[in-house]
Amino acid sequence: MTSVGTLEVGVVGCGIAGQAVATFLADAGHRVTVFERFTEPGPSGAGLLLQPTGLSVLRRLDLGDQVERLGARIDGLLGLNHLKHVVLDLAYADLHEAAYGLGIHRGALFGLLHERLQRSTARLVTGAEIVEVEHDGRRATVVAKAGGRHGPFDLVVVADGAHSRLRERLMPKARAPLYPWGCIWATVPDAGKIATAPAMLQQRLRGTTTMMGLLPIGQGLVTLFWSLPSAALEPGQPIDLEAWRMDALTLWPEAAALIEHAAGAGNFTRATYRQVTLPRWNEGPVLFIGDAAHGTSPQLGQGANLGLLDAHALSRALAASDDLAAALALFARRRTPSVRFYCQASHLLTPFFQSHQPLLGLARDALLGPACAAPGLRTMMTTTLAGLRRGWFSTDELDAEGRYPLED
Ligand SMILES: Cc1cc2nc3c(=O)[nH]c(=O)nc-3n(C[C@H](O)[C@H](O)[C@H](O)COP(=O)(O)OP(=O)(O)OC[C@H]3O[C@@H](n4cnc5c(N)ncnc54)[C@H](O)[C@@H]3O)c2cc1C
C-alpha cells in the first residue's frame with residue numbers, strides 16, 4: 001500500500017464524522033475532497049449531548065470555546081418513572097469536579113464544524129450522491145449518482161451515516177437492522193426553565209412504551225424527545241399530535257409549557273436508528289467511520305462522540321504509521337474496544353427503555369435506581385455515560401482538569 005506521506009483522500013458524507021475527519025486530515029497536509037449528496041449540507045434540527053470525549057476532540061479542532069458558548073452545560077442524567085421514582089440519577093462530577101457534558105443544537109455543532117472545514121484546505125463537492133466506490137485493493141474511485149467519477153484516492157473514508165447504502169455494497173456481511181422503536185423530536189424555547197433547573201438530561205418513563213426526554217441545548221432552547229414504534233414513524237404515517245399532547249401532559253405535567261409549545265408548532269422530526277455491525281473497519285483502502293460503521297440507538301448518547309473520536313484516531317494513526325495498511329490496523333486496534341462496548345451496551349439496554357416487554361420496564365424501575373446508588377455500579381454507569389468505557393471491565397479516566405485525554 002501507499003507509504004503515508006501526503007495522501008489523496010476522499011470523504012463520503014459531510015456530517016459530524018465526515019467534517020471532523022476531513023478537517024483533521026487536511027490540517028495534517030493530506031489532499032482531501034468531501035462528497036455530500038445534498039446541495040446545501042446541513043443537519044435536521046434537534047439537540048444532542050456531547051460527552052467529555054467529543055468535547056476533547058472539538059477542542060483539538062480549536063472549536064472548544066465556540067462550542068461551549070453555543071451549548072448548555074449538562075451536569076448529569078436524571079430519569080424518573082411515572083410514579084416519580086428515580087430510575088437514573090448520574091452526575092459527571094462523580095468522575096471529576098470539573099467534568100460535564102454539553103447539550104447543543106445540531107445546527108450549531110454542524111455550523112461550527114462546517115465553518116472549520118471551510119477554513120481548511122479540504123475541497124467540498126455538494127450535490128454528489130456517491131453510489132459506488134470501486135477499488136483494486138490499493139486505490140479507490142468514487143462514482144456519483146449523476147454519473148461523475150472522482151479519484152483515484154489512496155484512501156476513501158465513508159461517513160455517510162447509519163442508513164449508509166455504500167455499506168451494503170462494499171461490505172455485504174455487514175448487519176444493520178432497523179430498531180423496532182425510534183422517536184420524534186422537536187426544539188422549543190425553555191419556557192419556565194423546567195429543562196435547565198437542574199442542568200440535566202431529564203427523562204420520564206412509563207413502562208417500556210412511553211418515554212419523554214428533555215435536553216437543554218443552549219440559547220434558551222431545549223430539545224424534546226418522544227419514543228414511538230418505528231412503524232408509526234414511516235413516511236406518510238400521520239402523527240396524532242393531540243393524542244401525543246394529552247399523553248405527554250399526563251406523564252410530565254411540570255413540562256406543560258414545553259409540551260403545549262411543541263404541540264402547537266407541530267414541527268417534529270422523525271428519527272429511526274439501526275444497530276450496525278461490520279465484520280471489519282475497512283475493505284482495502286475504503287474505511288467506514290461514524291454511524292456508517294457503528295450506528296446504534298441513542299439511548300447512551302454516544303453516536304456523535306464516537307464519530308468525533310474515530311476522526312481524531314484516524315488522523316493520529318496516519319501520523320504514527322509508515323504505510324496506510326499499518327495506519328488502518330492501528331486505527332482498528334485503538335477504536336474497536338470502546339466502539340464494541342458502546343454498541344453492545346446500547347443494544348442490551350434499549351429494550352429496557354423502548355420495547356413491548358413490560359417486564360423489562362418493571363426490572364428497570366426496580367433495579368436501576370438502587371444500582372445508581374451502589375458505589376461500584378454507579379462508577380460504571382457514570383463512566384459509560386461520559387464515553388470513557390473501553391469494555392465491560394475497563395475504562396479510561398479523565399485527566400487532572402476533568403477532561404478526556406486523547407490518545408496521540
Ligand atoms: C434521536 C437521536 C438522538 C441522538 N442523540 C445523541 C446524543 O445525545 N449524543 C450523541 O453523541 N449522539 C446522538 N445521536 C447520534 C448522532 O446523531 C449520530 O451518531 C451522528 O449524527 C452520526 O454522525 P455521522 O457523521 O456518522 O452521520 P450523519 O450525521 O448522519 O452524516 C452523514 C452525512 O452523509 C451524507 N450522505 C449520506 N449518504 C450519502 C451518499 N451516498 N453520498 C454523499 N453523502 C451522503 C448525509 O447527507 C449526511 O450529511 C442521536 C441520534 C438520534 C437519531
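Residues numbered from 1 in each chain as written. Predicted model: local features only at pLDDT ≥ 70, side-chain atom pairs only at ≥ 80, totals over all residues. Heavy atoms only, no water.

A. Focus on the overall build of the protein. Secondary structure assignment for the protein yields 12 helices and 19 strands. In terms of C-alpha radius of gyration, the protein reaches 21 Å, essentially the compact-globule figure of 22 Å for 408 residues. The dimensions of the protein, computed from C-alpha atoms along their principal axes, are 60 × 50 × 40 Å. Expressed as a percentage of its 408 residues, the buried residues of the protein come to 54%. Sequence-distant contacts in the protein: of pairs separated by 6 or more residues, those separated by 24 or more amount to 73%. A total accessible area of about 16,900 Å² is found for the protein, and carbon and sulfur atoms account for 55% of it. Positive and negative charge centroids in the protein, built from 37 and 38 side chains respectively, lie 3 Å apart. (Helix = DSSP H or I, 4+ residues; strand = E, 2+ residues; numbered from the N terminus. Rg over C-alpha atoms; globule rule 2.2 N^0.38 Å. Buried < 20%, exposed > 50% of the residue type's maximum accessible area, 1.4 Å probe, protein only. Contact = heavy atoms within 4.5 Å. Areas by Shrake-Rupley, 256 points an atom, 1.4 Å probe, with all protein chains shown as cover. Lys, Arg positive; Asp, Glu negative; His and termini not counted. Charge placed at Lys NZ, Arg CZ, Asp CG, Glu CD.)

B. View of the packing of aromatic side chains. In the structure shown here, the tally under the stated rule is eight aromatic pairs. Between Tyr179 and Tyr273, the aromatic rings sit 6.0 Å apart at their centres with planes inclined by 65°, giving edge-to-face as the arrangement. Of the two residues, Tyr179 is situated in the loop between helix 5 (165–170) and strand 13 (181–189) and Tyr273 in the loop between strand 17 (269–271) and strand 18 (282–283); the sequence distance between them amounts to 94 residues. Summarising the burial analysis for this pair, Tyr179 and Tyr273 share the class buried. On the basis of an interplanar angle of 70° and a centroid distance of 4.8 Å, the ring pair of Phe341 and Trp392 is categorised as edge-to-face. One end of the pair, Phe341, is in helix 10 (residues 324–353); the other, Trp392, is in the segment after helix 12 (375–385), with 51 residues separating them in the sequence. What links up through ring pairs into an aromatic cluster is the set Trp226, Trp244 and Phe268. (Phe/Tyr/Trp six-rings, centres within 6.5 Å; stacked < 30°, edge-to-face > 60°.)

C. Spatial organisation of helix 4 (residues 106–119). With 14 residues, helix 4 should reach 20 Å at 1.5 Å per residue; the first-to-last C-alpha distance of 20 Å fits that figure. Residues of helix 4 that are buried include every one of Leu109, Phe110, Leu112, Leu113, His114, Arg116 and Leu117, and no others. (Expected span 1.5 Å × (residues − 1).)

D. Quick look at the site of the ligand. Within the structure, the ligand sits among 32 residues, and Glu36, Leu49, Arg106, Asp291 and Asn305 are positioned closest to it. Arg37 places a side-chain nitrogen or oxygen 2.9 Å from an oxygen atom of the ligand. Separating an oxygen atom of the ligand from a side-chain N or O atom of Arg106 is a distance of 2.7 Å. For the ligand, whose accessible area on its own is 1,000 Å², the fraction buried by protein is 87%. Counting only elements with at least two residues in the shell around the ligand, the list comes to helix 1 (16–27), strand 3 (47–50), strand 13 and helix 9 (303–319). Here the shell around the ligand takes three residues from helix 9, the largest share from any one element. The class makeup of the residues in the shell around the ligand is 18 nonpolar, eight polar and six charged. (Near = heavy atom within 4 Å. Polar contact = N/O pair within 3.5 Å; in protein donor to acceptor, adjacent residues only side chain to side chain. Nonpolar A, V, L, I, M, F, W, Y, C, P; charged D, E, K, R; others polar.)

E. Summary view of the sheet that holds strand 7 (residues 101–105). Taken in spatial order, the three strands of this open sheet run 3-7-4, and their pairing is antiparallel. Edge positions in the sheet fall to strand 3 and strand 4 (72–74), since each of these pairs with one other strand and no more. The sheet shows a mean angle of 30° between the axes of neighbouring strands, taken without regard to direction. With three bridges joining them, strand 4 and strand 7 adopt antiparallel strand pairing. (Pairing = 2+ DSSP bridges. Axes fitted to C-alpha atoms, helices over the stretch in contact; angles between N-to-C directions.)

F. Highlighting the packing of helix 2 (residues 52–60) against helix 9. At a closest axis distance of 8 Å, the pairing of helix 2 and helix 9 adopts a crossing angle of 45°. Put simply, helix 2 runs oblique to helix 9. Of the two elements, helix 2 crosses helix 9, and the hand of that crossing is left-handed. Facing helix 2, whose interface residues are Thr53, Gly54, Val57, Leu58 and Arg60, helix 9 presents Asn305, Leu308, Leu309 and His312. (Parallel < 35°, antiparallel > 145°, perpendicular 65-115°, else oblique. Left-handed = near helix turned anticlockwise from the far one by under 90°.)

G. Geometry of the environment of Asp154. As for its position among the elements, Asp154 is in the loop between strand 11 (149–153) and strand 12 (155–158). As for Asp154 and Thr6, which are separated by 148 residues in sequence, their C-alpha atoms are 9.5 Å apart. A polar contact is formed between the side chain of Asp154 and the backbone nitrogen of Glu8, at a distance of 2.7 Å. In this structure the side chain of Asp154 is engaged in a polar contact, spanning 3.1 Å, whose partner is the side chain of Arg139.

H. Looking closely at a nonpolar patch on the surface. A contiguous nonpolar patch, built from Leu348, Trp392 and Phe393 and spanning about 410 Å² of accessible area, is present on the exposed surface. Relative to the elements of secondary structure, Leu348 occurs in helix 10. (Patch = residues over 30% accessible without salt bridge, like charges linked within 9 Å, V, L, I, M, F, W, Y side chains within 5 Å. Salt bridge = Lys/Arg side-chain N within 4 Å of Asp/Glu carboxyl O.)

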